[in-house]
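# Understanding the architecture of this molecule
Okay, here's what each chain looks like letter by letter:
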Amino acid sequence: MIGTARRWTATPRAGGAGARCLGGWRGVLRRAAVLWCASGVLGLAGAQGVGAFGGGSAPDRMAGPPERSVAEWLVRLQQASRIPSYVGTFVVSSSSGAMSSARIWHVCEGNLQLERVEALSGAPRSTYRRNELVVTFMPEARIVRTERRVAGGMFPNLLNPGGNFSTADHYSAREMGRDRVAGFDADVVLLSPRDDLRFGYRIWSEKRTGLVVKTQTLDAAGRVLEQAAFSELQLDAPVRAAKPQLAMPSTDGYRVEKPERVRTSAADEGWTLKAPVAGFQPQNCYRRPVSPSASMVQWIFSDGLATVSLFMEPFDAQRHGHEGVSAMGATHTLTRRLTDPAGAWWITAVGEVPPRTLRAFVDGLERKN
Amino acid sequence: MKTHSDTPCDREQISALADGHLQGREFSAALQGMASDEARECWHVYQLIGDVLRSPELAACGRDAAFVDRLSQRLRSEATPAPLPLPQPVRADVARPAANDGVFRWKMVAGLASFAAVAAVGWSVLGGIGPQPAGPQLAQGAAPAGGGAQVISLAAPVPAVAASAQHEAPLSVMLRDPRLDELLAAHRQAASVSALGSASGFLRNATFEGPAR
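All values reported here derive from a predicted model rather than from experimental measurement.

### Some details on the confidence of the model for chain B
All names here are of chain B.
- Within chain B, residue pLDDT values average 65, and 46% of them lie at 70 or more.
- Low confidence marks residues 1-6, where pLDDT is under 50. Its contacts with residues over four positions away, or in another chain, come to ten contacts.
- Confidence drops under a pLDDT of 50 for residues 130-175, and excluding neighbours within four residues, the segment shows 104 contacts in the predicted structure.
- Both confidence scores are given for the complex: pTM 0.58, ipTM 0.72.

### Points about the sheet that holds strand β10 (residues 212-218) of chain A
Residues and elements named next belong to chain A.
- Across the sheet, which stays open at both edges, the twelve strands sit in the order β7-β8-β9-β10-β11-β1-β2-β3-β4-β5-β6-β12 with mixed pairing between neighbours. The two strands at the open ends of the sheet, each matched to only one other strand, are β7 (171-181) and β12 (255-257). Across the sheet, the mean angle separating the axes of adjacent strands is 20° when strand polarity is ignored.
- Bridging between strand β6 (residues 143-148) and β12 involves three bridges; their strand directions are parallel. Following the sheet pairing, Arg 145 is matched in β12 by Glu 257.

### Here we look at the pairing of strand β19 (residues 331-340) of chain A
Residues and elements named next belong to chain A.
- Bridge count for strand β18 (residues 324-328) against β19 is five bridges, and the pairing is antiparallel. The partner of Ala 327 across the bridge, within β19, is His 332.
- Counted between consecutive antiparallel strands, the loop separating β18 from β19 contains two residues, among which Gly 329 sits at a positive phi close to 60°.
- Sheet topology note: the β19/strand β20 (residues 343-351) ladder contains nine bridges and is antiparallel. By the bridge assignment, His 332 is partnered in β20 with Gly 351.
- Hairpin connection between β19 and β20: a loop of two residues separates the two successive antiparallel strands.

The rules we used
- Residues numbered from 1 in each chain as written.
- Chains lettered and ligands numbered in written order.
- Predicted model: local features only at pLDDT ≥ 70, side-chain atom pairs only at ≥ 80, totals over all residues.
- pLDDT = per-residue confidence, 0-100.
- Contact = placed C-beta atoms within 7 Å.
- Pairing = 2+ DSSP bridges.
- Helix = DSSP H or I, 4+ residues; strand = E, 2+ residues; numbered from the N terminus.
- Axes fitted to C-alpha atoms, helices over the stretch in contact; angles between N-to-C directions.

Here is the structure:
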């Protein structure tokens with residue numbers, strides 16, 4: 001190719017004819033390629049159409065695994081947390097360039113799930129999980145934080161696809177073929193939102209167990225806002241090899257911190273959402289002290305995949321000042337001052353959702369007096 | 001510390017009094033000691049020394065030779081703490097501890113000056129980072145099309161936001177806010193149970209905690 005180009009420059013007159021001739025050849029080739037591609041795309045579309053209209057179980061589909069619905073996918077991904085054990089290195093990166101990694105140990109025996117996350121970047125942290133109990137050791141500050149995570153009211157619905165399960169109404173699933181992550185074959189599925197109030201997710205699910213080995217959060221234009229993946233994974237690590245790593249160390253010499261939050265309800269706290277945001281259902285509501293005289297209310301919403309937290313506290317000109325929206329990876333934050341006859345409030349909305357969703361929440365929030 | 005006023009002229013006490021270091025009983029004892037003429041003269045000399053040290057232009061006046069002579073004489077008559085050769089009377093007052101050595105406000109002035117210098121440098125550094133389009137720590141984004149609210153990127157530019165944005169709203173820059181980090185941590189805890197499995201819930205949040213701090 002380089003040789004011919006050089007020859008053309010050497011003999012410009014002949015080169016003109018040669019180029020025209022080659023242009024003709026190229027045109028023919030290009031037309032052939034376009035036709036070939038088009039037939040391929042049509043064939044693919046046809047296959048997908050059969051898959052979609054045939055309900056995924058049509059025997060006339062020639063190749064590929066059966067298409068799963070959103071609910072079926074989510075059930076499969078959930079069940080993967082019950083696989084006996086795995087050990088790996090997990091990497092999270094955001095579009096802003098921030099990247100962190102951690103060593104993960106996971107063991108599941110019957111109903112007991114044990115997990116350890118040892119941060120490999122940033123300040124040293126070890127997080128141990130025993131079912132719902134999460135204990136984080138911060139050796140530099142000599143602090144241990146214990147918290148109890150609360151599963152929303154989502155999973156009974158999730159595991160019963162016939163029930164009132166709204167996640168499937170707001171996302172659609174499309175299988176994107178297969179890929180290899182951390183040495184394992186994975187099915188790739190795209191969960192795309194049906195409206196502009198949430199982000200899309202591309203999920204790599206390990207073929208045999210369903211374990212999510214990689215996720216990407218995508219904006220409306222398909223750009224990756226954030227991704228998380230195992231860079232290295234031992235899926236069949238023997239339980240007795242992984243288990244010693246999961247024994248929680250002693251908290252001697254550490255200051256033990258427990259979040260001083262009490263469960264409450266938005267109605268009791270005097271808050272209401274006059275216009276619900278499509279697909280997001282209220283989960284829990286907590287109150288925690290921020291100073292001896294003031295407390296903050298956290299009201300949590302979820303559509304099954306994305307979570308939004310609304311933080312409401314009395315406005316304090318000393319501490320609150322900057323209204324606006326900020327972004328960090330897929331996590332967006334909106335702050336706004338809200339005034340009502342009783343006084344001024346400072347609202348902070350946080351969630352892995354587009355800014356417009358946070359705006360819809362804060363617009364709809366009002367005091368019930 | 002000597003608190004009695006029997007000594008005809010307790011210069012140490014007078015010096016401390018002139019520097020405002022005495023309080024309570026020591027203060028009233030020193031005041032009583034000021035009754036003698038010698039003590040009052042000593043007081044005036046100390047005030048004068050202080051004035052000269054505080055305002056160098058006063059020290060530049062060489063015409064009052066009589067004053068300089070008297071001053072140097074008196075300074076010579078003071079007990080010298082160290083056996084330093086003091087050939088020049090002007091150097092003599094440099095060699096001994098300055099009358100205002102212990103004055104806190106001077107240290108404060110020095111502290112404020114160095115703080116101002118650091119602040120000025122810091123301000124210009126921040127100002128230099130701010131307007132650059134792709135700063136690694138600070139970044140900007142334009143406001144989304146719909147609302148007038150500002151979009152601020154905490155870590156770096158977020159392409160999604162910038163792409164969906166019209167360039168009509170002012171750009172803004174924001175630094176890390178520990179209060180916001182606390183809220184983000186509380187939110188992460190709430191979001192740690194995800195239907196997508198622990199890779200996008202618990203593992204993601206436990207791993208990603210670092211950059212938010």
